[in-house]
Amino acid sequence: MYSLLPLVVGFCLLSTVSATATIPNKIYGVNLGSWLVLEPWMLPGEWLRMGGQDCERFHCADCIRSEFAFVQAYPNTADQKFNEHWDTWFTQDDVNELKDLGINTVRIPLGYWIVEAIVDRTTEFYPQGGLKQLRRGLQQLKNAGIVAILVHHAPPGVSLPNEVFTGRCTTDVEFYTDYNYHRALIWAAVMTGLSHLHPDFSTVFAIQAVNEPINDANQTPGYGDYQKNFVKTIRAMEDLLGIKVHHPREINNDHQYPNFRNLVSFTLRYISTGVSGWEICDVLREALPILIDISFELPGLSFGSISGLDRQPPIMTNFMDFSWQYNNASNPADAAIGPQGYDDHLYYVFGGVADPNPDAYLRSICNLQRVQNDANNRNNPLWFGEWGLATEFNNTDEFLVKWADAQKLAYSKGAGWIFENFKIEKSEEAGDLAREWSYPEAVRRGYFLRDPAALHDPNVCDPYISPANSTATNSTATNSTAATSTGFCIIRFSSSFKKLLFVYLCLLVFMCL
């Protein structure tokens, strides 16, 4: 049983040595797929050598095809095998190559089990030790000047049926419940704390609430409330750290003598807003001991001065965009408090986007209106967090050069793009998958130029633009991070009150315990 008062006071004294990162002017990125959330199709040979099995995508529950099934099958050796995989799948050589190719951003898929304290080991089977690997990778990325987005790719309870990227292949989807939303919020609080407090996590500029929720909003009850609570959780954790979140409804009090009444209002606003406020308070109560435990496990997360935390930029909250869901879906822009980004994924290879031929593909992508449509719904900045070169038809190298140019041109109208994936296994089992799914391989084959901002043909879309879009500008969507109104307000305080204020905030959290 934890003694919570010393834990909270100890948390108040956690130190930091550097600020969190900020979004690049234009994102040129890759996904670190199959590293900390393994997807066997990207490394089929290694998966079989580890002891995994192969079965059809939508029958993946019938064999050892997911991390859950693997750990369940090999409880005594799974941690060792996964640690070997983590060590070798993403290495310093990979970081060096990404830097050499001009990549400035990585998107890192994570499972909820990376925060081991929220896993129910009696019914949930996942490898342990991933957090140390994440710290190692983030340190290497930081040294290379590459920033990161942490993605809750596999939240508790499974968010999508029969998909290995959720960590477990099953039709029993339980993420959209109060219990698992709560655990996901604890995950978000812990990741926020680490991103501000640990120097190696300072390359993180955004945290994504969930990757690819079910498209039909009728099947995701409570998801709109979860979006709002996700943002409130991150901002409440930042409040505890003394990090300012600039907001249109900001109150500018006297900088030298802040009003004590406003201070109380500021610290109690989360629990004064009803049920959701108490939920956030409870999330922080559970997250703080976890952060304290982690501080003894991760090198660099130490006790000391809190000086400088107030100068850190806030984390950018991140969601799949408004268009991702249908049937009266919630708009994630309604949840925004401070900087927030939006993510869209577009894969032509799975069908339903354009007729399966080169002309239809190019005509579709060259007239894409998603950036403009999302901006109209206040979903900006928008980046395209997953896309690839794969097609439904047998393509030629000549077509892939055009296809790469056209997609980069379309996605760069927003905040940028993140290719799927940073690499694919080269093996007999994988065949030629790397040709369409590995960014470095696509550069080697000449589909992409070494400069990610450059195009073979900047006019590649000219023959395909429809008359309705011919007068549209190619200006990029604004990277504005202005938030929508939420009813909360932020108060500025003078530097002479910072430490006193911070300890006071921590003690108020203790009152909620």
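Residues numbered from 1 in each chain as written. Predicted model: local features only at pLDDT ≥ 70, side-chain atom pairs only at ≥ 80, totals over all residues. Heavy atoms only, no water.

1. A few points about the environment of Ser 438
Keep this limit in mind: Helix and strand assignments follow DSSP, with helices taken as H or I runs no shorter than four residues and strands as E runs no shorter than two, numbered in order from the N terminus. Under the scheme applied here, a residue whose accessible area is under 20% of the maximum for its type counts as buried, over 50% as exposed, and between as partly exposed, the area being computed with a 1.4 Å probe on protein chains only. We call two residues contacting when some pair of their heavy atoms lies within 4.5 Å. Polar contact is the term for a pair of N or O atoms within 3.5 Å; when the atoms are in protein, one must be able to donate a hydrogen and the other to accept it, and sequence-neighboring residues count only if both atoms are side-chain atoms.
Tracing the backbone shows Ser 438 in the loop between α14 (434-437) and α15 (439-444). Judged by its relative accessible area of 3%, Ser 438 is buried. Linking Ser 438 and Phe 422, residues 16 residues apart in sequence, is a C-alpha distance of 5.6 Å. Contacts of Ser 438, omitting those with residues within four sequence positions, involve Phe 419, Asn 421, Phe 422, Lys 423 and Ile 424. Looking at Ser 438, its side chain comes within polar contact range of the main-chain nitrogen of Glu 441, at 3.3 Å.

2. So, the confidence of the model for the chain
Selection rule: Confidence of the predictor in every single residue is expressed as pLDDT, which spans 0 to 100.
Averaged over the chain, the pLDDT score is 86; the fraction of residues at 70 or greater is 80%. Contacts of residues 13-17 to residues separated by more than four positions or lying in other chains number 22 contacts, the stretch itself having pLDDT below 50. For residues 471-511, every residue scores under 50 in pLDDT, and the model assigns this stretch 102 contacts once sequence neighbours within four places are set aside.

3. Structural notes on the sheet that holds strand β6 (residues 340-346)
The line we're drawing: When DSSP finds at least two bridges between two strands, those strands are taken to pair. Every axis corresponds to a line fitted to the C-alpha atoms, with the helix fit spanning only the stretch in contact, and the corresponding angles, defined between N-to-C directions, vary from 0 to 180 degrees.
In spatial order, the strands read β1-β2-β3-β4-β5-β6-β7-β8; together these 8 strands close into a barrel with parallel pairing. For this sheet, the mean inter-axis angle between neighbouring strands, taken without regard to orientation, is 30°. Alignment of strand β2 (residues 105-111) against strand β3 (residues 147-154), held across 7 bridges, turns out to be parallel. Across the sheet, the residue bridging to Leu 110 is His 152, located in β3. Of the strands in this sheet, β2, β3 and β4 (204-208) are in contact with helix α6 (residues 130-143), which crosses β2 at around 175°. Strands β2, β3 and β4 of the sheet are contacted by helix α7 (residues 178-197), whose axis makes an angle of about 180° with β4.

4. Focus: the nonpolar core
To keep it simple, the criterion reads: Residues belong to a common nonpolar core when they are buried Ala, Val, Leu, Ile, Met, Phe, Trp, Tyr or Cys residues joined through side-chain atoms within 4.5 Å.
Within the largest apolar cluster, 132 residues are counted, with the highest numbers of intra-cluster contacts made by Ile 108, Leu 134, Trp 187, Phe 230, Ile 365 and Leu 389. If you tally residues by element for this core, the top one is α7, at 11 residues. Setting aside residues no more than four positions away along its own chain, Phe 230 makes contact with Leu 185, Ala 188, Ile 207, Gln 208, Ala 209, Thr 317, Asn 318 and Phe 319. Counting residues in each nonpolar core, the second largest holds 12 residues, with Ile 149, Met 316, Trp 383 and Ile 418 among its members.

5. Some points on a negative patch on the surface
Which entries qualify depends on this criterion: Only residues whose relative accessible area exceeds 30% and that form no salt bridge are eligible for patches; like-charged ones are grouped when within 9 Å, while nonpolar side chains (Val, Leu, Ile, Met, Phe, Trp, Tyr) are grouped when within 5 Å. The accessible surface values rely on the Shrake-Rupley method and a 1.4 Å probe; as for residues, cover is taken only from the protein chains in view. Every case where a carboxyl oxygen of Asp or Glu lies within 4 Å of a side-chain nitrogen of Lys or Arg is listed as a salt bridge. Under this rule, positive means Lys or Arg and negative means Asp or Glu; His and the chain ends count for nothing. A single reference atom marks each charge: NZ on Lys, CZ on Arg, CG on Asp, CD on Glu.
A contiguous patch of negative charge, built from Asp 79, Glu 116, Asp 293 and Glu 297, is present on the exposed surface. The topology assignment puts Glu 116 in the loop between β2 and α6. Under the relative-accessibility criterion, Glu 116 is labelled partly exposed at 31%.

6. Description of the packing of helix α11 (residues 358-366) against helix α13 (residues 397-411)
To be explicit about the condition: To sort the angles, those under 35 degrees are grouped as roughly parallel, those over 145 as roughly antiparallel, those from 65 to 115 as roughly perpendicular, and the leftovers as oblique. Handedness of each helix crossing follows the sense of rotation of the near helix against the far helix: counterclockwise by less than a right angle gives left-handed, clockwise gives right-handed. Here the term charged refers only to Asp, Glu, Lys and Arg, the term nonpolar to Ala, Val, Leu, Ile, Met, Phe, Trp, Tyr, Cys and Pro, and the term polar to all other amino acids, Gly among them.
It is at 9 Å that the axes of α11 and α13 come closest, and there the two elements cross at 15°. Between α11 and α13, the interaxial angle falls into the category roughly parallel. Note that α11 runs across α13; the crossing there is left-handed. On the side of α11, the interface is formed by Pro 358, Tyr 361, Leu 362, Ile 365 and Cys 366, while α13 contributes Phe 399, Lys 402, Trp 403, Ala 406, Gln 407, Ala 410 and Tyr 411. A class-by-class count of the residues in the contact of α11 with α13 yields 10 nonpolar, 1 polar and 1 charged.

7. A short note on the pairing of strand β5 (residues 316-320)
Side-chain positions along a regular strand alternate between the two faces of the sheet. Counting buried positions over the 5 residues of β5 gives 5, a clear majority of the element. Burial along β5 is two-sided: Met 316, Asn 318 and Met 320 facing one way and Thr 317 and Phe 319 facing the other are all buried. Pairing of β4 with β5 involves 3 bridges; the strand directions are parallel. If you follow Gln 208 over to β5, its bridge partner there is Asn 318.

8. Describing helix α5 (residues 92-100)
One full turn of an α-helix is made of 3.6 residues, so residues set three or four places apart face in the same direction. Heads up, the rule is: The arc in question is formed by the directions pointing from the helix axis toward the C-beta atoms.
Three or more residues of α5 are buried, namely Asp 94, Val 95 and Leu 98. Looking straight down α5, one finds its buried side chains confined to an arc of 100°; they lie on one side. Opposite the buried face of α5, at more than 90 degrees from it, the exposed residues are Asp 93 and Asp 100. Here the buried face of α5 lies against β1 (27-31), α4 (78-89), β2 and α6. Two residues or fewer past α5, Gly 102 is found with a positive phi of approximately 80°.

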